[in-house]
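Each chain, written out:
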Amino acid sequence: MSNLVRSVRFCLSAAIFVFMASSDSRAGQGGQNVTPYKPPDPPAVPSHADLLRGEYGAYRANNDLLSYHLDIRVNPEKKYLSGKNTIRFKMLSDATRIQLDLHAALNVDKILLGTAPLKYERDSGAVFVDFPNTLKKGETYSIDFYYSGNPVEVGRFGAITFKKDASGHPWINTACEETGASVWWPNKDQWRDEVESMEISVAVPSDLVDVSNGKFAGKTDLGDGYTRWDWQVHYPINNYDVSLNIGNYEHFSDKYKELPLDFYALPEDLEKARKQFVQAKGMLEAFEHYFGEYPFPKDGYKLIEVPYTGMEHQSAVTYGNHFANGYLERDWTGVGISPRFDFIIIHESGHEWFGNAVSAADRSDMWIHEGMTTYLESLYVEYMYGYADAIKYTNGYKPKVKNDRPIITARGVNATPPPDQYFKGTLFLNTLRSVVNDDKKWFALLHDFFQHFKYQNIMTEDVGAYFNQYTGMDLTPIFNQYLRHTAIPTLELKFDQSNGVVKYRWKVDESRFAMPVRVGVADEWEIIRPTTNWQEMKTGLKKEEFAVATDLYYVSVSKE
């Protein structure tokens, strides 16, 4: 389903940082070697493969996805996949070719339209499928894409990994946001067009369990030592959210209101999971308070133990945070608040609202996933512990910001934006809250924004235009400065203490930047409205006494 909302004229011109750690290849009970993760510098010129993956070209844009049925068999010992994806789509224009994707390590066995084999051409992971007759605009078609092979392990979490747990059972998981879903299954591997629904059928050795996205639809003994697990996804879903979790899982369940909660852990971790996973209820309560009902009620909510830190797989959130509070048992923001809750449960589940229900249409705008969800952490803290702790928690992210390149990157390229999309993203949103300066309006804006764009794929222009319309403010230069430029705003202050005057202006890249800011003395703030031109105000405060509310606005201050 093509979910991109109409393009809005909005003069903003012109993705997932792992949380500083990656798990090693060890699985099971022991410790983990945690090493800092540094994302690679973006190439000066995008590769041919990255352009093919990232660009929404003619052979992608001519069709609208309707559904997938991924039906595969997984052989743990051979680390081998085989099966098919049935792809239903509607043509948006007459054409004889469409573009799909499958990693070069995997074989295309055949592609069928009904019983007729189709010709195809492979190029750097892209699979161009050719049809003997013109596919007509408005008509719906279905093809069966058969494939097989040994997928490669790539990326920070391996994309797909074949491991063993501490008891020697196979433990197979997927996490492929950066590398792309086509590393292990054939699909239209981009963000703009999501299927409206999906079936997932996974055959595994009968002593194992598969947990995938959506509502459990049953299991079937195939009579050959394998059992097929069937799952039904009732909502639009990102390709990278589609998940396999195959292992010696134990299952337990609960409910939040009428929402089914299903939890999966290895037997040796079951009691720890029972104690830790209760935090899911508080998370749901907090985020429903701000944004409304959990967005995937028909599919339920699942939390699944994995041998890496975690991932926001839709309705099947994966978890590897040591069954302990904080992030890998550390104080994530360094201000004494994150040890009160399990960071992975809160952050990765927050993506059910932003990332999964409201999704970016291009990786360049991935801050819509990550900046928003990092801000949800602060909202969780505010709901559970109060406003003062939330502000403290939010500002704890400042040391993580690099300000080395813009958050929004080039569009149409398969590349991940910088880690600032997380940390600078949440500080930007906290700044917007202060600019709006009306919490009742701010929280209504967040709620209505989510509800308006739920199950859609959007761009920054859509976010900015909605915020502008809702608030009645021109927030465009503020969006531009924080998201499309490297530097944060600097408030320049020049004091003439003999005359009791301070001059002020913004030093920024955006010529129309005119963000209000609180200055003076804490608890007695005065709001001024600097522009890029010098203004002045009377003050009885000395230079060292004159403060700026830098906990409410992510800005720097220069005093002379």
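The preceding data block contains the structure.
The structure reproduced in this document is the subject of the present report. (Residues numbered from 1 in each chain as written. Predicted model: local features only at pLDDT ≥ 70, side-chain atom pairs only at ≥ 80, totals over all residues. Heavy atoms only, no water.)

### With respect to the environment of Phe128
- Relative to the helices and strands, Phe128 resides in strand S7 (residues 126-135).
- Sequence spacing of Phe128 and Leu100 is 28 residues, and the spatial spacing of their C-alpha atoms is 6.2 Å.
- In contact with Phe128, other than residues within four places in its own chain, are Leu52, Tyr59, Arg97, Ile98, Gln99, Lys119, Tyr120, Glu121 and Asp123. (Helix = DSSP H or I, 4+ residues; strand = E, 2+ residues; numbered from the N terminus. Contact = heavy atoms within 4.5 Å.)

### Re helix H8 (residues 420-436)
- When the terminal C-alpha atoms of H8 are compared, their 23 Å separation across 17 residues agrees well with the 24 Å that a helix rising 1.5 Å per residue should span.
- Buried residues dominate H8, accounting for 17 of its 17 residues.
- Note on H8: the residue one or two positions beyond its end, Asn437, has a positive phi of about 60 degrees. (Expected span 1.5 Å × (residues − 1). Buried < 20%, exposed > 50% of the residue type's maximum accessible area, 1.4 Å probe, protein only.)

### Side note on the packing of aromatic side chains
- Counting across every chain of the model gives 53 aromatic pairs.
- Looking at Arg274, its charged tip hangs above the ring of Phe252, at a distance of 4.7 Å from the centre.
- A cation over an aromatic ring shows up here: Lys400 above the ring of Trp332, its NZ or CZ 3.6 Å from the ring centre. (Phe/Tyr/Trp six-rings, centres within 6.5 Å; stacked < 30°, edge-to-face > 60°. Lys NZ or Arg CZ within 6 Å of the ring centre and 35° of its normal.)

### What to know about the environment of Met515
- Here Met515 lies in the loop between strand S24 (501-507) and strand S25 (517-520).
- Along the primary structure Met515 and Leu432 are separated by 83 residues, whereas in three dimensions their C-alpha atoms are 9.5 Å apart.
- Sequence-distant contacts of Met515, that is, excluding residues within four places in its chain, are made with Thr431, Val435, Ile478, Tyr482, Trp506, Ile528, Pro530, Tyr553 and Val555.

### Re helix H4 (residues 279-291)
- Over its 13 residues, H4 extends 18 Å from the first C-alpha to the last, a length consistent with the 18 Å expected when each residue adds 1.5 Å.
- The complete set of buried residues in H4 reads Gln279, Ala280, Gly282, Met283, Leu284, Ala286, Phe287, Glu288, Tyr290 and Phe291.
- Among the residues trailing H4, Gly292 stands out with phi positive, at a value near 100 degrees.

### Brief notes about the packing of helix H6 (residues 367-385) against helix H9 (residues 439-453)
- Direction vectors running N to C along H6 and H9 enclose 130 degrees, while the axes themselves pass 14 Å from each other. Judged on the interaxial angle alone, H9 and H6 are oblique. Like other packed secondary-structure pairs, H6 and H9 cross with a definite hand, here left-handed. Here Met372, Tyr375, Leu379 and Glu382 of H6 come into contact with H9, specifically with Trp442, Phe443, Leu446 and Phe449.
- Residue composition of the contact of H6 with H9, grouped by class: 7 nonpolar, no polar and 1 charged. (Axes fitted to C-alpha atoms, helices over the stretch in contact; angles between N-to-C directions. Parallel < 35°, antiparallel > 145°, perpendicular 65-115°, else oblique. Left-handed = near helix turned anticlockwise from the far one by under 90°. Nonpolar A, V, L, I, M, F, W, Y, C, P; charged D, E, K, R; others polar.)

### Here's the deal with the environment of Pro170
- Tracing the backbone through its elements, the reader meets Pro170 in strand S10 (residues 170-175).
- Each C-alpha atom of the pair Pro170 and Leu51 lies 36 Å from the other, and the pair is 119 residues apart in sequence.
- Setting aside its immediate chain neighbours within four residues, Pro170 contacts Pro76, Glu77, Lys163, Lys164, Leu208, Ile246, Gly247 and Asn248.

### Some words on the side chain of Asn85
- By secondary structure assignment, the location of Asn85 is in strand S2 (residues 80-91).
- Looking at Asn85, its side chain comes within polar contact range of the main-chain oxygen of Pro186, at 2.8 Å.
- When residues no more than four places from it in sequence are discounted, the contact partners of Asn85 are Tyr68, His69, Leu70, Ile143, Asp144, Phe145, Trp185, Pro186 and Asn187. (Polar contact = N/O pair within 3.5 Å; in protein donor to acceptor, adjacent residues only side chain to side chain.)

### Description of the pairing of strand S18 (residues 301-305)
- Summarising burial for S18: 5 of the 5 residues are buried, a large majority.
- Relative to S18, strand S17 (residues 259-265) is paired through 4 bridges, and the arrangement is parallel. Each residue of the ladder has a partner; that of Tyr264, found in S18, is Ile304.
- Here S18 pairs with strand S20 (residues 317-319) via 3 bridges, running parallel. Across the sheet, Glu305 pairs through a bridge with Tyr319, a residue of S20. (Pairing = 2+ DSSP bridges.)

### Quick look at the sheet that holds strand S6 (residues 119-123)
- Across the sheet, which stays open at both edges, the 3 strands sit in the order S3-S7-S6 with antiparallel pairing between neighbours. Two strands in the sheet have a free side with no partner beyond their single neighbour: strand S3 (95-101) and S6. For this sheet, the mean inter-axis angle between neighbouring strands, taken without regard to orientation, is 25 degrees.
- Alignment of S3 against S7, held across 6 bridges, turns out to be antiparallel. Counted as the bridge partner of Gln99 is Phe128 from S7.

### Some points on the pattern of salt bridges
- What the rule picks out here adds up to 22 salt bridges.
- The closest approach of N and O atoms between Asp130 and Arg97, which form a salt bridge, is 2.7 Å. Of this pair, Asp130 sits in strand S7 while Arg97 sits in strand S3, placing them 33 residues apart in sequence.
- Its relative accessible area of 16% is what places Arg97 among the buried residues. (Salt bridge = Lys/Arg side-chain N within 4 Å of Asp/Glu carboxyl O.)

### Digging into the pairing of strand S13 (residues 215-221)
- Across 6 bridges, S13 lies against strand S14 (residues 226-233) in antiparallel orientation. Bridged to Asp221 within S14 is Thr227.
- Taken together, S13 and the strand that follows it, S14, pair antiparallel across an intervening segment of 4 residues, in which Gly223 is found at a positive phi of about 80 degrees.

### Side note on the side chain of Thr86
- Within the element layout of this structure, Thr86 appears in strand S2.
- At 2.6 Å, the side chain of Thr86 forms a polar contact with the side chain of Asp144.
- Setting aside residues no more than four positions away along its own chain, Thr86 makes contact with Ser67, Tyr68, His69, Ser142, Ile143 and Asp144.

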